[in-house]
Amino acid sequence: MDFRLLSPGPAGLADVAADALVVVLAGEVKEQRLDGALAALLKEATAQGDFQIKAGRTLYLHRPQGVRASRVVFAAAADATAKAFKAAVANAVGALKNSGAKHAAVAAAAPQGLSLEHAEVLVTAVADALYVYRHTKPSAPAPAPLAKVTLIGDKAAAKALQQGLARGQAIAAGVTLARECANRPGNHATPTFLAEQAKQLGKEHGVRVEVLDRKAVEKLGMGAFLAVAQGSEQPLRFVVLRYEGAAKTQAPTVLVGKGITFDTGGISIKPSAEMDEMKFDMCGAASVLGTFKALA
C-alpha cells in the first residue's frame, strides 16, 4: 500500500485527483470547512435525511457533479480526536473496498487540523479494513483494488504528518506479521516457522537473532520447556531477538511471548468445540515478532 501526503490546491478538495475522495466530518454541518460542490452535496444529503453527522454513519456518492473524484464518501466521526478519525476512516474504506477505486484521498473537514496521530491511525485503519487472511484459503475473496491512499493536510503540519504516516506503516507492518503468524493453523505455524520469521527480520532489518535448538536448550537446563516439547514431533526452537536502537547506558526493555504453536497436553479433557482456537496459544510470540517488525 502506498501512503502519501498532499496539500490541497486553491480549488480545494473538490479538485483533488483521485478515484475516491473520503471526507471525515465531526460536529454540526455548519462547522465543516467545505465549500462549493462538496458543501452543496453535504447540505442536500442532510436536508433530505440521507445522511447525519453521527459516529458510524457514511454516505457513498458516485460521480457527483462538481467534484473531480468519481466517488465521494462522507464519513462521520464522533469528534475530532485521532481515535474517532480512525473509526471514520475504517468505515469509509469499508464502503470503498468492494468498488473499483485504486486511489483514495482522505481529508478532514472539521476546523481542527490533523496531527501526527491522525496520520498514524489513517494507515492502521486502512490496513485493518483491508486485511484478509489468505495463506491457506484459496477461495478467499479477491484483494481490494485500493493500492494508494493520499492524506490531504496543511503544509504547515507536513513534517509531523509525514512522521505519522511512517509510524503508521511500521505499526501496520508489525500487526500484519503478527496476524499472519497467528492465523496459520498449527501444522503451518510450527516452531521452525516462527524461527524462520525471526531470521527473516534479521535479514531484512538487521535485528540480531539467535535460535536455540534442543541441544542448546538442554545445555541451559530448561527442563520445563523440554518437558512440554516432548509432546510434539516438531523440533523445539527458543528464539531470542535483539533490537539495539537506544544508547548503551539505557536499560533494555524485555518482551517475553509464549510461542506454543499447539497445546501438547490436556487435549483429551478439553471440549472439541474450542480445539480450533488452540492455534492462538502462540499469539504471545507472534506479538513479539510483530513488535520487532514495527520497531525495525
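Predicted model, so just to flag it, every value in this text is computed and none were measured.

Visitor: Help me get a handle on helix α5 (residues 191-205), residues and values and all.
Guide: Across its 15 residues, α5 extends 21 Å between first and last C-alpha, which sits within 8% of the 21 Å expected from 1.5 Å per residue. Of the positions making up α5, those classed as buried are Pro191, Phe193, Leu194, Ala195, Gln197, Ala198 and Leu201. Just downstream of α5, Gly206 is the residue with a positive phi angle, here 80°.

Visitor: I'd like to hear about unusual backbone geometry, residue by residue, with values.
Guide: A positive phi angle, near 50°, is found at Arg63, a position not held by glycine. Its location among the elements puts Arg63 in the loop between β3 (58-62) and β4 (71-76).

Visitor: Describe the packing of aromatic side chains, naming the residues involved and giving the relevant values.
Guide: Scanning the model with the defined rule gives 2 aromatic pairs in all. Seen in terms of ring centroids, Phe51 and Phe74 are 6.2 Å apart; in terms of plane orientation they differ by 35°. Their pairing is tilted. Of the two residues, Phe51 sits in the loop between α1 (36-47) and β3 while Phe74 sits in strand β4, which places them 23 residues apart along the sequence. With a relative accessible area of 0%, Phe74 lands in the buried category.

Visitor: Please give an account of the packing of helix α3 (residues 116-130) against helix α4 (residues 158-183) that cites residues and values.
Guide: In the contact formed by α3 and α4, the axes pass within 7 Å of each other and the chain directions differ by 30°. The angle between α3 and α4 places the two elements in the roughly parallel class. As for the relative orientation of α3 and α4, their crossing is right-handed in sense. Contact residues: Leu116, Ala119, Glu120, Leu122, Val123, Thr124, Ala127 and Asp128 in α3; Ala160, Leu161, Gln163, Gly164, Leu165, Arg167, Gly168, Gln169, Ile171, Ala172 and Arg179 in α4. Per-class residue counts for the contact of α3 with α4 are 10 nonpolar, 5 polar and 4 charged.

Visitor: Summarise the environment of Val106; cite the residues concerned and give the values.
Guide: For Val106, the position within the fold is in strand β5 (residues 103-108). Along the primary structure Val106 and Ala129 are separated by 23 residues, whereas in three dimensions their C-alpha atoms are 15 Å apart. Excluding its chain neighbours within four sequence positions, the residues that come into contact with Val106 are Val22, Val24, Phe85, Val89, Leu122, Val149, Thr150, Leu151 and Ile152.

Visitor: Explain the layout of surface pockets to me, using residue names and the numbers behind them.
Guide: Taken as a whole, the largest pocket spans an internal volume of roughly 1,400 Å³. Residue lining of the largest pocket: 45 residues in total, with Val239, Val240, Leu241, Leu255 and Val288 positioned closest to the centre. Counting residues per element, the ones that place at least two in the lining of the largest pocket are α5, α7 (223-229), β8 (238-242) and α8 (283-295). Here the residues of the lining of the largest pocket sort into 26 nonpolar, 13 polar and 6 charged.

Visitor: Outline the nonpolar core, listing residues and values.
Guide: Counting residues in each nonpolar core, the largest one holds 34 residues, and the members touching the most others are Val24, Phe85, Val89, Val106, Leu122, Val126 and Leu151. For this core, the elements supplying multiple residues, two or more each, are β2 (20-25), β4, α2 (82-96), β5, α3, β6 (148-152) and α4. Other than its neighbours up to four places away in sequence, Val24 contacts Ala75, Ala77, Phe85, Ala88, Val89, Val106, Ala107, Ala108, Ala109 and Ala110. Judged by nonpolar contacts, the second largest core, of 26 residues, contains Leu13, Leu34, Ala37 and Leu38.

Visitor: Quick rundown of the sheet that holds β6? Include the residues and the values.
Guide: Pairing is mixed across the open sheet formed by 6 strands, whose spatial order is β1-β6-β5-β2-β4-β3. The strands lining the two open edges of the sheet, one partner per strand, are β1 (2-6) and β3. The mean inter-strand angle of the sheet, taken between neighbouring strand axes irrespective of direction, is 20°. Summarising the sheet, β2 and β5 pair through 5 bridges and their orientation is parallel.

Conventions adopted
- Residues numbered from 1 in each chain as written.
- Predicted model: local features only at pLDDT ≥ 70, side-chain atom pairs only at ≥ 80, totals over all residues.
- Heavy atoms only, no water.
- Helix = DSSP H or I, 4+ residues; strand = E, 2+ residues; numbered from the N terminus.
- Expected span 1.5 Å × (residues − 1).
- Buried < 20%, exposed > 50% of the residue type's maximum accessible area, 1.4 Å probe, protein only.
- Phe/Tyr/Trp six-rings, centres within 6.5 Å; stacked < 30°, edge-to-face > 60°.
- Axes fitted to C-alpha atoms, helices over the stretch in contact; angles between N-to-C directions.
- Parallel < 35°, antiparallel > 145°, perpendicular 65-115°, else oblique.
- Left-handed = near helix turned anticlockwise from the far one by under 90°.
- Contact = heavy atoms within 4.5 Å.
- Nonpolar A, V, L, I, M, F, W, Y, C, P; charged D, E, K, R; others polar.
- 1 Å grid on protein atoms, 1.4 Å probe; cavity = no way out; pocket = protein on both sides within 12 Å on 5 of 7 lines; lining within 4 Å.
- Points joined across faces, edges and corners; volume = space filled by probe spheres on them.
- Core = buried A, V, L, I, M, F, W, Y, C linked by side-chain atoms within 4.5 Å.
- Pairing = 2+ DSSP bridges.

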